[in-house]
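# Observations on the model geometry
Listed below, chain by chain, are the residues.
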Amino acid sequence: MRPIDRLVHAIDDGVTIDATHSKGRICFHVRDDPPRTLIWTTDDAELNAMTAQLRHHARSAFGSGNHGWDLLIERVQEELLTFTGVRGVIRAEPDGRISTEDA
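Now for a look at the structure at hand.

## Focus: the pairing of strand 4 (residues 87-92)
A regular strand places its side chains so that they alternate between the two faces of the sheet. Two elements, strand 3 (residues 36-41) and strand 4, share four bridges in a ladder whose sense is parallel. Across the sheet, the residue bridging to W40 is I90, located in strand 4. Adjacent in sequence and paired antiparallel, strand 4 and strand 5 (residues 98-102) are bridged by five residues, among which G96 carries a positive phi angle near 95°.

If you want it as structure tokens, here you go:
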């Protein structure tokens, strides 16, 4: 499974968050009051690089294991659920963090 497909599949729970992607853009729709929509323009290479960096940090903290995807999914979910705007964008920072801002 491609990294972008893997992320969308993991985040889209069909209850709280709907996630779709097309041509390098992932659209997240958070079902809340009010509903929120966030867009992330990314690709497989960026997601692979982020998970590799997170995996390195996780190994430093927790020992062996492949925690990169788990940490990435957790961080994306956290950003989606704590975003206070109505429409926003997600950005990947060079240090592996994820940030959101109003669109």
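## Concerning the environment of V86
As for its placement among the helices and strands, V86 is situated in the loop between helix 3 (68-82) and strand 4. For the pair formed by V86 and W69, sequence separation is 17 residues and the distance between their alpha carbons is 27 Å. Excluding residues that lie within four positions of it along the chain, V86 makes contacts with P34, P35, R36 and T37.

## A look at the nonpolar core
One finds L7, I11, F28, W40, L72, V76 and L80 to be the most contacted residues of the largest nonpolar core, which totals 22 residues. Elements represented by at least two residues in this core include exactly helix 1 (3-11), strand 1 (17-22), strand 2 (25-30), strand 3, helix 2 (44-62) and helix 3. In terms of residues, this core owes the most to one element, helix 3, which gives five residues. With residues near it in sequence (within four places) discarded, I11 still touches I17, A19, F28, I73, V76, Q77 and L80.

Cut-off values and rules
- Residues numbered from 1 in each chain as written.
- Predicted model: local features only at pLDDT ≥ 70, side-chain atom pairs only at ≥ 80, totals over all residues.
- Heavy atoms only, no water.
- Pairing = 2+ DSSP bridges.
- Helix = DSSP H or I, 4+ residues; strand = E, 2+ residues; numbered from the N terminus.
- Contact = heavy atoms within 4.5 Å.
- Core = buried A, V, L, I, M, F, W, Y, C linked by side-chain atoms within 4.5 Å.
- Buried < 20%, exposed > 50% of the residue type's maximum accessible area, 1.4 Å probe, protein only.

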